[in-house]
Amino acid sequence: MHAFPCGTLALDFAGTLRARRDERPREMLEDARALDLWFVEGGVVDAAPQADPRDLAAAVELREAIYALAEARLEERSSSPADVAVLNRWADSSPVSLALEAEGIRRSGSAAACLSTVARNAVELFGGPDAALLRECGRPGCTQVYVDRSRGGRREWCSMRTCGNRVKAAHFRARQRGVVA
Ligand SMILES: [Zn+2]
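As the structure is a computational prediction, the values presented were derived from the model and not from experiment.

Enquirer: I'd love a proper account of the coordination of the zinc ion, names of residues and values included.
Expert: The zinc ion binds to the protein through C137 (SG), C142 (SG), C158 (SG) and C163 (SG); the donor distances cover 2.3 to 2.4 Å. Spacing between the donor residues of the zinc ion along their common chain follows C-x4-C-x15-C-x4-C. Here the residue C142 occupies a position in the loop between β5 (134-136) and β6 (145-147), and C163 occupies one in helix α6 (residues 160-176), the gap between them amounting to 21 residues. Assessed through its relative accessible area of 11%, C142 is described here as buried.

Spelled out as structure tokens, the structure:
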């Protein structure tokens, strides 16, 4: 099972390499099957697109471009033209196709179409008003980037259920030991 902590497709995709500043970051897209599952669990497409190793390599390239663009915005640097080119190349290709059916929306497409859908989400994110709301999770080591749409910009964690609770539990244990006043 993959995690979608921040609810923004492109940023959750960037988060498939976790704990980026660790010596050994955790790779969640370890094979093409994991990529297939990410697309299905993330609601990008209904059925596994049968990604192959080339799709996986392309996915990792796109993911790293998205993360680099997010990081550039967080650090208020200009973004690298190479990263923009990778993103725009995918955003320019055909995305997942949608159809309205009795049961709801049918989403279908190849792994390349899924990557285009993720890239388009990233273009809308970085090019729109949400780009000013990017934050990095406050749990040391997490490195997940999210959009802080909270009132007053006070959201601290990529996800309250995971990182927020872990930090609060650690503070509670520390207080119990008398480490923190
Ligand atoms: Zn986090």
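Enquirer: Describe the nonpolar core, with residues and values.
Expert: Core analysis: the largest hydrophobic core is formed by 47 residues, its most contacted members being F13, F39, L62, I66 and F126. Contributions of two or more residues to this core are made by α1 (9-14), α2 (32-41), α3 (53-74), α4 (81-91), α5 (111-127), β6 and α6. Those residues in contact with I66 that lie beyond four places of it in its chain are A10, F13, A14, L87, V118, A122 and F126.

Enquirer: Account for unusual backbone geometry, with residues named and values stated.
Expert: Positive phi is not limited to glycine here, since Q50 has a value of about 60°. The residue Q50 is located in the loop between α2 and α3 in this model.

Enquirer: Please provide a residue-by-residue account of α3, values included.
Expert: Owing to its 3.6 residues per turn, the α-helix aligns residues three or four sequence positions apart on the same side. Between its first and last C-alpha, α3 extends 31 Å over 22 residues, near the 32 Å set by a 1.5 Å rise per residue. For α3, every residue scored as buried is listed here: D55, L56, A58, A59, L62, R63, A65, I66, Y67, L69, A70 and A72. Measuring from the backbone nitrogen of R54 back to the side-chain oxygen at the start of α3 gives 3.0 Å, which picks out D52 as the cap. Once α3 finishes, E76 follows within two positions and takes phi at roughly 55°, a positive value.

Enquirer: Tell me what's going on with the pattern of salt bridges, and back it up with residues and numbers.
Expert: Tallying each qualifying case throughout the model produces nine salt bridges. With its nearest N and O atoms 2.8 Å apart, the salt bridge here joins R77 to E75. Between R135 and D148 there is a salt bridge, and its shortest N-O distance comes to 4.0 Å. Of this pair, R135 sits in strand β5 while D148 sits in the loop between β6 and α6, and the two are 13 residues apart along the sequence. Overlapping salt bridges bring together R20, E27, R63 and E64 as one network.

Enquirer: I'd love a proper account of the packing of α4 against α5, names of residues and values included.
Expert: It is at 7 Å that the axes of α4 and α5 come closest, and there the two elements cross at 120°. The pairing of α4 with α5 is recorded here as oblique in orientation. When the axes of α4 and α5 are compared, the crossing they make is left-handed. Residues L87, N88, W90 and A91 of α4 pack against A112, L115, S116, A119, R120, A122, V123 and F126 of α5.

Enquirer: How would you summarise the packing of aromatic side chains if you had to cite specific residues and measurements?
Expert: Enumeration over the complete set of coordinates arrives at three aromatic pairs. Here the aromatic rings of F4 and W38 are separated by 5.2 Å at their centres, their planes lie at 40°, and the arrangement is tilted. Of the two residues, F4 is situated in the segment before α1 and W38 in helix α2; the sequence distance between them amounts to 34 residues. Note on F4: relative accessible area 26%, which makes it partly exposed. What makes W38 buried here is its relative accessible area of 0%. For the ring pair W38 and F39, a centre distance of 6.0 Å and an interplane angle of 75° mean the geometry is edge-to-face.

Conventions adopted
Residues numbered from 1 in each chain as written. Predicted model: local features only at pLDDT ≥ 70, side-chain atom pairs only at ≥ 80, totals over all residues. Heavy atoms only, no water. Donors = N, O, S within 2.8 Å, 3.2 Å for Na, K, Ca; no water. Helix = DSSP H or I, 4+ residues; strand = E, 2+ residues; numbered from the N terminus. Buried < 20%, exposed > 50% of the residue type's maximum accessible area, 1.4 Å probe, protein only. Core = buried A, V, L, I, M, F, W, Y, C linked by side-chain atoms within 4.5 Å. Contact = heavy atoms within 4.5 Å. Expected span 1.5 Å × (residues − 1). Polar contact = N/O pair within 3.5 Å; in protein donor to acceptor, adjacent residues only side chain to side chain. Salt bridge = Lys/Arg side-chain N within 4 Å of Asp/Glu carboxyl O. Axes fitted to C-alpha atoms, helices over the stretch in contact; angles between N-to-C directions. Parallel < 35°, antiparallel > 145°, perpendicular 65-115°, else oblique. Left-handed = near helix turned anticlockwise from the far one by under 90°. Phe/Tyr/Trp six-rings, centres within 6.5 Å; stacked < 30°, edge-to-face > 60°.

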